Amino acid sequence: MTTQLTRYPQAVPIPITEQARTMAQQFASAQPTAIKSEQVQLNTLAVFATHGYCQMMGIVSDLEQSDSWNPVTQMMTDVADLTLPGLGRLECRPIQTGTNICEVPPDVWDLRIGYVVVCIDENLKMAHLLGFTPTVGETALTISDLQPPEILLQRIHGLMPLNDVSTSSGMGQIAETAVKLGQWLNQSFEAGWLAVETLLSPEQVSLAFSFRNGDETETDTPDTPLDTSSDGPLADGPIDVRRAKLIDFGLQLGDVQVIMLVEIQSESSEAINIGLQVHPQGQPYLPPDLELAVLETSDTVFMDARSRQADNYIQLQFSGRAGERFRVRLQLDGVQYLEEFVM
Amino acid sequence: MSELQETVENLIAEACSHPPGSLKRQTHLTQIIRLISNQLWRDQAPYYQDALQQTWVYFCRNLCEATTGFAYDPDKANVVTWLNAYLKRRLQDGYINIQRQRATTAYPSTASESDGKPLDPIDSLAAPPDIPPLLADVQAWAEADADGILAGTHIKGQPQITCQLLILKRLPPETPWKELAAQLEVSVSTLSSFYQRQCIPLLKEFGRVQGYL
């Protein structure tokens, strides 16, 4: 391995544990062809090595929540992902000693927070993290063009919330960091923004938006779209993402909690459709006179909605362009909650 | 003090001036690992990599503050000496574990044991059946498509490009994406994006229901 190290001075050595070798062997032996077996073995070792690095750094990673751990996805895709809970999936592409190029299969061109290239020793005992890149295109990666593994750390920290405001959103506070909706398209979400099903009841979920026209089956969109105000047929592969957050009006107003739901849809053009809804938490109806408003950067109200006596939810829908900022304000009895978003 | 040692001591001081878990702490730890890894004790024991991994975790947890052991004290020893002492203790643990396994495991009296090499327990596992059932199961499920969801899920405006078609084409030995894209006259990225977002979730659901995970 000395040659490898001198050729790639930025490489970080990571031991391959016996457990990693055993699992890789076990996964490989379940594959139907020799090519798939070798692919799955190397993918598993690369994922384990990256998991080992995360373990050293104290970064939480979850092997079992990764497609690379799942026998069905192992067989049906060329996947070496490692799930970093709450942040997204990191792809860990294996290469073997003596290679300068890393092919990235189309199977993993998106839905990733980044790509780390891992060199696996011939004797399968040592791995080296060679470098990192946040995105890939159709061309293979050249190892010498990669950023050093430290940039992976930067990427991970960039996805973490700067403070805990968003997990305990008190009224009157302004979250210091804007929620980056662009990152949502890569399946990375700020703390506090949870899968819709974890916060909303199935009945509430069924009221959620659908921008789609409905002729394409979508596994996570309800069959009963309430409002399809989107215009015309959509381009290939529009992406729909939605998340919900518990907003606690606790201290000032007794025990009032509501759930804010944000759904975004990115078309292949730069336009992003945004849907906002507010649902009651633990009550059949929203408190009356709750205001949901979208503010422009100048703080002027761009649009708003207000709950009446027995509303089970209120909503707003609009569209914008990548990079635009806006704020969402929830106001009840003169107390307000603000959250900033960037598209 | 050698130049390298001085660089390492400076990096340690720098790392420890930032809180645990911070980007700067992690960045400096990574740099130190890269610099000193060549100087750690090496041997050929089968459990060496496990001992080494434990050593790096110990290093990261205890370099600046005592988290799982005693914190590193630069006045007592340099960092490599400190880590080698820990690594050798883990290697001893590995050796003792192997002895215990030998004492409690009956091996066939073959040449390999008299060579002093323990048998790899994995080698003695029953060989898996020739054709893993997974392939046949996925194929049967995709062909039958009992609820019609695989044939009904297609690329927008391309009703002929369905999850059923792609899953059957991607069963190993799989048709390469480039070839599929040319056959179906769409781009590779359109195909793979659709496959990732629409078909993989269906496959995973099938796997879950079948108890593969």
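Everything numeric here is computed off the predicted structure, so don't read it as measured data.

Q: Just give me the short version of the state of the cysteines, but keep the residues and values in it.
A: Residue and element names in this part refer to chain B. One pass over the full model with this rule turns up two disulfides over all chains. A sulfur-sulfur separation of 2.0 Å characterises the disulfide bridge that pairs Cys16 with Cys64. The sign of the S-S torsion, about -80 degrees, decides the handedness of the disulfide formed by Cys16 and Cys64: left-handed. Remark: Cys64 occurs in the loop between helix 3 (48-62) and helix 4 (79-104) and Cys16 occurs in helix 1 (residues 3-16); sequence separation between them is 48 residues. Owing to a relative accessible area of 30%, Cys16 belongs among the partly exposed residues under this scheme. With a sulfur-sulfur separation of 2.2 Å, Cys163 is cross-linked through a disulfide to Cys199. Taking the sign of the S-S torsion, -85 degrees for the link of Cys163 and Cys199, the bridge is left-handed. With Cys163 in helix 8 (residues 163-170) and Cys199 in helix 10 (residues 188-209), this pair connects stretches of sequence that are 36 residues apart.

Q: An account of the confidence of the model for chain A is requested, with residue identities and associated values reported.
A: Residues and elements named next belong to chain A. When pLDDT is averaged along chain A, the result is 82, and 83% of the positions lie at 70 or above. Predicted confidence in chain A is weakest over helix 1 (residues 2-7), with a mean pLDDT of 53, and strongest over strand 1 (residues 12-15), with 98. Confidence over residues 163-175 falls short of pLDDT 50; this stretch has 32 contacts with residues more than four positions distant or in other chains. Predicted confidence for residues 212-236 stays below pLDDT 50, and this span has 54 contacts to residues more than four positions away or in other chains.

Q: I'd like a rundown of the pattern of salt bridges, residues and numbers included.
A: All names here are of chain A. Applying the stated criterion across every chain, the model contains 19 salt bridges over all chains. Across the pair Asp78 and Arg93 runs a salt bridge whose closest N-O atoms are separated by 2.9 Å. Placement of Asp78 in the loop between helix 4 (71-76) and strand 2 (81-84) and of Arg93 in strand 3 (residues 88-96) is noted, with a sequence separation of 15 residues between them. In this pair, the class of Asp78 matches that of Arg93, namely buried.

Q: So, the packing of aromatic side chains: which residues are in play, and what are the values?
A: In the structure shown here, the tally under the stated rule is 14 aromatic pairs over all chains. Seen in terms of ring centroids, Trp193(A) and Phe341(A) are 5.9 Å apart; in terms of plane orientation they differ by 65 degrees. Their pairing is edge-to-face. In this pair, Trp193(A) sits in the loop between helix 6 (181-184) and helix 7 (196-199) while Phe341(A) sits in strand 16 (residues 335-342), placing the two residues 148 residues apart along the sequence. Overall, Trp193(A) belongs to the buried group, its relative accessible area being 2%. One aromatic cluster in this structure is built from Trp184(A), Phe189(A), Trp193(A), Phe302(A), Phe318(A), Phe326(A) and Phe341(A). The ring of Trp41(B) has Lys88(B) sitting right over it, with the charged end atom 4.3 Å from the ring centre. Across the ring face of Tyr86(B), the terminal group of Arg90(B) is positioned such that the distance to the ring centre comes to 4.6 Å.

Rules used throughout
Residues numbered from 1 in each chain as written. Chains lettered and ligands numbered in written order. Predicted model: local features only at pLDDT ≥ 70, side-chain atom pairs only at ≥ 80, totals over all residues. Heavy atoms only, no water. Disulfide = S-S within 2.5 Å. Helix = DSSP H or I, 4+ residues; strand = E, 2+ residues; numbered from the N terminus. Buried < 20%, exposed > 50% of the residue type's maximum accessible area, 1.4 Å probe, protein only. pLDDT = per-residue confidence, 0-100. Contact = heavy atoms within 4.5 Å. Salt bridge = Lys/Arg side-chain N within 4 Å of Asp/Glu carboxyl O. Phe/Tyr/Trp six-rings, centres within 6.5 Å; stacked < 30°, edge-to-face > 60°. Lys NZ or Arg CZ within 6 Å of the ring centre and 35° of its normal.

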